[in-house]
Amino acid sequence: MRADTSDVAFRLLLALGDLWEGLHRATINPTTRGLHLTNEYLGGYTRICAGPAAHPRLVVEWNESTRHLRVIRCEDWPGFESILSATVAHVRAEARIRGIQDVVDASLMRACQEPSSPIRRTVAQRPMPALAARRA
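Numbering of residues starts from 1 in each chain and follows the order in which that chain's sequence is written. Only residues with pLDDT of at least 70 get local features here, since the model is predicted, and only at 80 or more are side-chain atom pairs given and counted; chain-wide, interface and lining totals rely on the full set of residues. Only hydrogens and water are set aside when side-chain values are computed; all heavy atoms of the structure are taken into account.

Peer 1: Help me get a handle on the packing of aromatic side chains, residues and values and all.
Peer 2: A pair of aromatic rings is counted whenever rings of Phe, Tyr or Trp (Trp by its six-membered ring) have centres within 6.5 Å, and the orientation is called stacked for planes under 30 degrees apart, edge-to-face for over 60 and tilted otherwise. Enumeration according to the criterion identifies one aromatic pair in this entry. Two conditions define a charge located above a ring, namely a distance within 6 Å from the ring centre to NZ of Lys or CZ of Arg, and an angle within 35 degrees of the ring normal. Between R70 and the ring centre of Y45, over which it is positioned, the NZ or CZ distance is 3.8 Å.

Peer 1: Mind laying out unusual backbone geometry, listing which residues take part and the relevant values?
Peer 2: The phi angle at T27 is positive, at roughly 60 degrees, despite the residue not being glycine. With respect to the helices and strands, T27 occurs in the loop between α1 (8–25) and β1 (36–42). The class for T27 is exposed, based on a relative accessible area of 57%. A positive phi angle, close to 55 degrees, is found at R67, a residue other than glycine. Mapped onto the fold, R67 is located in the loop between β3 (58–63) and β4 (68–74). For the purposes of this entry, the term helix denotes a DSSP run of H or I that reaches at least four residues, the term strand denotes a run of E that reaches at least two, and both are numbered from the N terminus. Throughout this description, buried means an accessible area under 20% of the type-specific maximum (1.4 Å probe, protein chains only), exposed means over 50%, and partly exposed covers the range between.

Peer 1: Pulling in residues and values, what's your account of the pairing of strand β2 (residues 45–51)?
Peer 2: Among the seven residues of β2, six are classified as buried, and the element is accordingly described as predominantly covered. For β1 and β2, the ladder comprises seven bridges, and the chain directions are antiparallel. Bridge pairing in β2 links H36 to G51. Being paired, for any two strands, means DSSP has found at least two bridges between them. Hairpin connection of β1 to β2: two residues between the antiparallel strands, including G43 at a positive phi of 50 degrees. Pairing of β2 with β3 involves five bridges; the strand directions are antiparallel. The residue of β3 that forms the bridge with I48 is V60. Between the antiparallel neighbours β2 and β3 lie six residues.

Peer 1: A description of the nonpolar core should follow, citing residues and the corresponding values.
Peer 2: The definition of a nonpolar core used throughout is a set of buried Ala, Val, Leu, Ile, Met, Phe, Trp, Tyr and Cys residues joined through side-chain atoms within 4.5 Å. Of all hydrophobic cores here, the largest spans 31 residues; its most connected members are F10, L13, L16, L35, V60, L84 and V104. Listed by contribution, the elements that provide at least two residues to this core are α1, β2, β3, β4, α2 (80–98) and α3 (101–112). Here the element with the most residues in this core is α1; it accounts for 10 residues. For V60, the residues in contact, after removing those within four places along its chain, are A3, F10, T46, R47, I48, L69, R70, V71 and I72. Here, two residues are considered to be in contact whenever any of their heavy atoms come within 4.5 Å of each other.

Peer 1: Explain the sheet that holds β2 to me, using residue names and the numbers behind them.
Peer 2: Strand pairing in a sheet is mediated by backbone hydrogen bonds. Such pairs are either parallel or antiparallel. In spatial order, the strands read β1-β2-β3-β4-β5; together these five strands make up an open sheet with mixed pairing. Every interior strand has two partners, whereas the edge strands, β1 and β5 (120–123), have only one. Adjacent strand axes in the sheet meet at a mean angle of 20 degrees, parallel and antiparallel pairs treated alike. Docked against the sheet, α1 engages β1, β2, β3 and β4, running at close to 75 degrees with respect to β1. To get an axis, a line is fitted to the C-alpha atoms, and for a helix only the part in contact is used. The angle between two axes follows their N-to-C directions and goes from 0 to 180 degrees.

This is how it looks when you write it as structure tokens:
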């Protein structure tokens with residue numbers, strides 16, 4: 001998995017993050033297919049934590065207005081694409097039943113299109129283990 005907006009799967013994950021709270025309000029449970037996601041709003045940035053269970057494999061902060069992506073954590077996630085695909089299919093099917101398919105599909109279609117504006121991507125650096133041990 002690549003935490004980069006040039007990757008369609010990652011853009012779909014961001015779109016699901018935008019829709020997540022609304023899906024819950026519409027009584028659609030997107031976690032039934034194995035994708036667990038949380039959103040936290042941090043003064044202009046949205047922190048998205050995602051993973052196959054309670055332990056997030058991906059933690060990013062995204063600012064739509066400045067097009068800045070901070071990658072906090074990006075661990076290996078085998079099966080990410082299949083979990084994401086199953087979640088998107090489930091969300092679309094449930095949205096169709098509840099009559100909100102137009103809103104969901106519009107968001108997912110925008111995510112599939114190549115971004116028109118460039119982004120600035122920052123990867124958070126972790127301290128070296130030896131340095132962290134010396135500081136403790």
